[in-house]
Amino acid sequence: MAEASSSVNNGVNVAALIEAREAFTKAPAAAQFKWRAACEWKDGTHTHSTVEGFYGLGQEQHHKKTFTFDADHPEIFASEDKGATPIEYVLVGLASCLTAGIAAVAQYRNIQLRSVTATLEGDMDLQGILGVDDDVRNGFGGIKVTYKIDADAKREDIEALVAQSQKRSAVYDIVTNPTNVTVVVD
Amino acid sequence: MSSCLSERSIDHVVLERGEVAHTWRTERWDSLRLLTPNWQSRLPGFSYIGDDPDGYRILTEVIAFIASYADAISAPVLTHTTVTTVRSTESGYLVRTDQGDWLCRAVVVASGACNVAHVPGFANKVPRSIMQLTAQEYRNPDQVADGGVLVVGASSSGTQIAQEIHHSGRTVILSVGEHIRAPRVYRGRDLQWWMDAAGVLGERYDEVDDIAKARRVPSLQLAGTPDRSTLDLNSLTEIGVKLVGRFGGISENGRAQFSGSLRNMCALSDLKMRRLLDRIDEWAQKKGFDAAVGPPYRLPPTHVEPAPPLGMDLTSGKIKAIIWATGYRPDYSWLEVPVLDRKGRIQHDGGVVSSPGMYLIGTQFLRRRKSGLIDGAGDDARDLSAHLMSYLDSRLA
């Protein structure tokens with residue numbers, strides 16, 4: 001467990017995380033969260049999404065401000081490229097989840113981080129989404145995440161940070177495991 | 001525990017639903033060997049005296065060992081006596097059995113941690129044409145339908161069953177979730193010897209950072225192999241067992257879905273193993289033990305193919321049987337004293353249960369890392385019998 005006197009500072013409030021874990025162990029209802037997003041079609045393949053409210057700790061919660069995300073497709077798909085593609089948002093979600101996890105685990109393990117950068121690449125065979133070949137899936141064939149990490153730790157400890165972050169990552173779990181998705185029309 | 005209670009002249013009985021070593025007699029597969037070496041099964045006043053201290057007992061030897069211990073200590077065992085309920089009374093506990101009732105001042109729960117095989121909820125979506133067995137029900141390959149077999153779980157049971165079924169000539173796919181890899185022999189000594197000598201097994205529950213987490217850690221991927229070889233994912237891959245990720249669910253059209261996390265599951269396991277070996281090497285160096293054993297080395301990382309399959313059609317007829325080696329849960333359905341937490345675990349402090357006069361023994365990391373091993377029973381029983389005695393004394397005072 002992290003020592004209170006630790007001089008390691010990755011900007012993560014580990015004490016608060018540990019406190020939350022203890023509180024949720026005693027009151028699991030408070031641990032039930034709902035994350036939300038809204039999306040509006042603009043034109044062509046351009047959409048505008050917003051994220052503002054969510055539910056947790058037994059009540060409605062709000063971000064400090066409304067975050068917005070424009071998604072589109074690049075010009076080679078005859079689109080106007082007004083935003084990143086939805087699948088790039090998936091890569092962004094995975095990268096930011098894993099990287100935040102690395103910082104939290106590093107703080108917990110008293111490892112000072114100096115820099116952490118990740119590059120991500122997902123392979124996709126477009127024959128899937130275009131319906132050319134039914135044997136090809138729509139989604140990524142695979143995703144490769146490459147980290148460069150400068151920290152006060154042995155390589156082995158850094159590898160352990162990255163492995164533990166995957167073990168505890170929500171987006172990694174969503175991407176690697178099946179999830180029931182229900183889409184309805186109101 | 002019975003031996004320690006007798007030593008303290010505490011009047012007691014041991015209630016056993018079947019014969020002594022019932023679980024070993026009825027709920028284990030035929031070829032199973034104890035995963036700890038012969039020398040390591042040390043019970044109070046009783047240890048191995050044979051010419052194969054480094055060997056691993058076969059099932060019948062384990063049964064004989066436990067039965068002969070019961071004889072040696074003249075344990076007051078009442079066999080074929082099934083406990084139906086335990087409830088609190090004003091003076092202690094009322095224990096109802098199918099052979100009559102007992103009133104007692106103290107109860108020691110020693111019914112074990114592995115009573116019910118745990119199977120994931122989606123098992124009911126497995127097509128009816130596929131035979132399903134748990135590791136608890138599995139006996140030998142003859143019992144398993146001919147054809148491809150999916151073994152789910154890669155700890156000690158799953159890896160051994162996968163290997164045995166593969167050797168029976170079937171195609172075996174092994175679904176791998178969290179597990180902890182361990183070499184059987186390291187630097188010429190059994191891993192259990194190292195863990196015992198370096199104090200890893202003796203580590204106490206009040207010395208570790210997070211005991212709740214330590215109690216949840218899967219058991220080591222160790223097998224009592226006759227040739228003392230290491231059974232791990234690499235050795236299974238080598239003989240032709242196919243590794244896939246954790247079994248995550250079954251889709252509407254009968255397709256098994258495997259997690260894309262296989263690489264990380266193996267990485268976590270390799271890292272944990274390396275940390276254990278680092279600790280052993282540090283201890284050996286500090287104790288000046290390096291000259292007596294071979295030099296330190298590391299096992300090659302677990303080999304994972306570039307793109308392990310993420311799914312498999314369960315309706316194609318290729319897979320004829322699924323064996324669930326996905327862990328066990330204790331059965332406390334007979335326990336009517338409010339000591340369980342919301343996950344059904346007994347709340348206790350190193351085996352001292354929250355209800356006065358009730359004790360727990362024989363579960364993972366109860367008081368020490370070795371608590372789940374036969375070798376761990378002695379120290380725990382000595383501690384808990386001392387506590388039990390002072391509890392009885394305080395009630396008399």
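Small disclaimer: the values here were computed from a predicted structure and weren't measured.

Reading guide: rules and limits
- Residues numbered from 1 in each chain as written.
- Chains lettered and ligands numbered in written order.
- Predicted model: local features only at pLDDT ≥ 70, side-chain atom pairs only at ≥ 80, totals over all residues.
- Helix = DSSP H or I, 4+ residues; strand = E, 2+ residues; numbered from the N terminus.
- Contact = placed C-beta atoms within 7 Å.
- Pairing = 2+ DSSP bridges.
- Axes fitted to C-alpha atoms, helices over the stretch in contact; angles between N-to-C directions.
- Nonpolar A, V, L, I, M, F, W, Y, C, P; charged D, E, K, R; others polar.
- pLDDT = per-residue confidence, 0-100.
- Buried ≥ 20, exposed ≤ 12 C-beta atoms within 10 Å, placed from the backbone.
- Expected span 1.5 Å × (residues − 1).
- Domains from an automatic or database assignment.
- Parallel < 35°, antiparallel > 145°, perpendicular 65-115°, else oblique.
- Left-handed = near helix turned anticlockwise from the far one by under 90°.
- Core = buried A, V, L, I, M, F, W, Y, C linked by C-beta atoms within 7 Å.

A. View of the overall build of chain A. Check the secondary structure of chain A and you find four helices and five strands. Along its sequence from the N terminus, chain A presents helices and strands in the succession α-β-β-β-α-β-β-α-α. Over its C-alpha atoms, taken along the principal directions, chain A stretches across nearly 60 × 40 × 30 Å. Sequence-distant contacts, at least 24 apart, represent 50% of the contacts inside chain A between residues at least 6 apart.

B. Focus on the environment of methionine 131 of chain B. Residue and element names in this part refer to chain B. Inspection of the secondary structure assignment puts methionine 131 in strand β8 (residues 131-134). When the C-alpha atoms of methionine 131 and asparagine 253 are compared, they prove to be 18 Å apart, with 122 residues separating the residues in sequence. Contact partners of methionine 131, with chain neighbours within four places excluded, come to Val144, Ala145, Lys320 and Ala321.

C. The arrangement of the sheet that holds strand β15 (residues 255-258) of chain B in detail. Residues and elements named next belong to chain B. Spatially, the three strands line up as an open sheet ordered β14-β15-β16, and their pairing is antiparallel. Edge positions in the open sheet fall to β14 (247-250) and β16 (311-313), since each of these has one partner strand only. On average, each strand axis in the sheet is inclined to that of its neighbour by 20 degrees, with strand direction left out of account. The pairing of β14 with β15 spans three bridges and is antiparallel. By the bridge assignment, phenylalanine 247 is partnered in β15 with phenylalanine 258.

D. Structural detail: the interface of chain B and chain A. On the chain A side, the residues contacting the 13 residues of chain B number twelve residues. Mapped by element, the contributors of at least two residues to the side of chain B that touches chain A are β14 and α8 (262-286) of chain B. The dominant element in the side of chain B that touches chain A, judged by the number of residues it contributes, is α8 of chain B, at five residues. Of the residues that constitute the side of chain B that touches chain A, the class distribution is four nonpolar, seven polar and two charged.

E. Seen up close, the sheet that holds strand β9 (residues 148-152) of chain B. All names here are of chain B. The parallel open sheet is built from five strands, whose spatial order is β8-β17-β9-β10-β13. Sheet topology places β8 and β13 (242-244) at the edges, where each strand pairs with a single neighbour. Neighbour-to-neighbour, the strand axes of this sheet turn through a mean angle of 20 degrees, independent of strand direction. In this structure, strand β10 (residues 172-175) lies alongside β13, joined through three bridges in parallel fashion. Counterpart to leucine 174 in the pairing with β13 is leucine 243. Sitting on the sheet, helix α4 (residues 156-167) is in contact with β9, β10 and β17 (319-324), with an inclination near 170 degrees to β9.

F. Examining the confidence of the model for chain A more closely. In the predicted model, chain A carries a mean pLDDT of 92, and 97% of its residues have values of at least 70. With pLDDT under 50 throughout, residues 1-5 of chain A is counted as low confidence; its partners more than four residues away or in other chains account for six contacts.

G. Structural context of the pairing of β17 of chain B. Residue and element names in this part refer to chain B. With five of its six residues buried, β17 lies for the most part within the structure. As defined by bridge partners, β8 adjoins β17 across four bridges and the pair is classed as parallel. Each bridged residue has a counterpart across the sheet, and for threonine 134 the counterpart in β17 is tryptophan 324. Inspection of the sheet shows β9 paired to β17 by five bridges, in the parallel sense. Note on β17: the bridge partner recorded for valine 149 is alanine 321.

H. Local environment of helix α1 (residues 14-26) of chain A. Look at α1 of chain A: 19 Å from first C-alpha to last across 13 residues, which is about the 18 Å you get at 1.5 Å a residue. With respect to burial, α1 of chain A is a largely exposed element, only one of its 13 residues being buried.

I. Region of the structure containing the domain arrangement of chain B. All names here are of chain B. Once the domains are mapped, chain B shows domain 1 (2-115 + 330-396) and domain 2 (116-328). When each unit is reduced to the centre of its C-alpha atoms, the spacing between domain 1 and domain 2 is 27 Å. In this assembly, 24 residues from domain 1 lie in contact with 25 residues from domain 2. Taken together, the residues that form the side of domain 1 that touches domain 2 break down as nine nonpolar, six polar and nine charged.

J. Spatial organisation of the confidence of the model for chain B. Mean pLDDT over chain B works out to 96, with 100% of the residues at or above the 70 mark. Listed scores for the predicted complex are pTM 0.92 and ipTM 0.83.

K. Broad picture of helix α3 (residues 155-167) of chain A. Given a rise of 1.5 Å per residue, 13 residues ought to cover 18 Å, and the 18 Å separating the end C-alpha atoms of α3 of chain A matches this to within 8%. Considered for burial, the residues of α3 of chain A that qualify are Ile158, Ala160, Leu161, Val162, Ala163, Gln164, Ser165 and Gln166 of chain A. Looking at the packing, one finds that the buried side of α3 of chain A touches α2 (86-108), β5 (142-151) and α4 (170-176) of chain A together with α8 of chain B.

L. View of the packing of α2 of chain A against α3 of chain A. Residue and element names in this part refer to chain A. With their axes 8 Å apart at the nearest point, α2 and α3 run at an angle of 120 degrees to one another. With respect to their mutual orientation, α2 and α3 come out oblique. Every pair of crossing elements has a handedness; the one defined by α2 and α3 is right-handed. Where α2 approaches α3, its residues Leu98, Gly101, Ile102, Val105 and Ala106 are matched on the opposing element by Leu161, Val162, Gln164, Ser165 and Gln166.

M. Broad picture of the pairing of strand β1 (residues 38-43) of chain A. Residue and element names in this part refer to chain A. Where burial is concerned, little of β1 is hidden: zero out of the six residues are buried. Of the pairings in the sheet, the one linking β1 to strand β2 (residues 46-56) comprises five bridges and is antiparallel in character. Residue glutamate 40 lies in a different strand from β2, and its bridge partner there is histidine 48.

N. Up close: the domain arrangement of chain A. Residues and elements named next belong to chain A. In terms of domains, chain A is made up of domain 1 (7-32 + 85-177) and domain 2 (37-83). If you average the C-alpha positions of domain 1 and of domain 2, the two centres end up 21 Å apart. When grouped by side-chain class, the residues that make up the side of domain 1 that touches domain 2 number four nonpolar, one polar and no charged.

O. Region of interest: the packing of α3 of chain A against α8 of chain B. One can describe the packing of α3 of chain A onto α8 of chain B by two numbers: an axis separation of 9 Å at closest approach and a directional angle of 140 degrees. On the basis of the axis angle, α3 of chain A is oblique to α8 of chain B. Judged by the twist between their axes, the crossing of α3 of chain A over α8 of chain B is left-handed. For the pair α3 of chain A and α8 of chain B, the contacting residues are Glu156, Glu159, Ala160, Ala163, Gln166 and Lys167 of chain A in the first and Asn264, Ala267, Leu268, Leu271 and Arg274 of chain B in the second. A class-by-class count of the residues in the contact of α3 of chain A with α8 of chain B yields five nonpolar, two polar and four charged.

P. Fine view of the nonpolar core. Counting residues in hydrophobic clusters, the biggest one holds 58 residues, and the most contacted among them are Val151, Leu174 and Ile323 of chain B. Those residues within four positions of leucine 174 of chain B in sequence are excluded, and the remaining contacts are Val151, Ala154, Gly158, Ala162, Leu236, Val241 and Leu243 of chain B.

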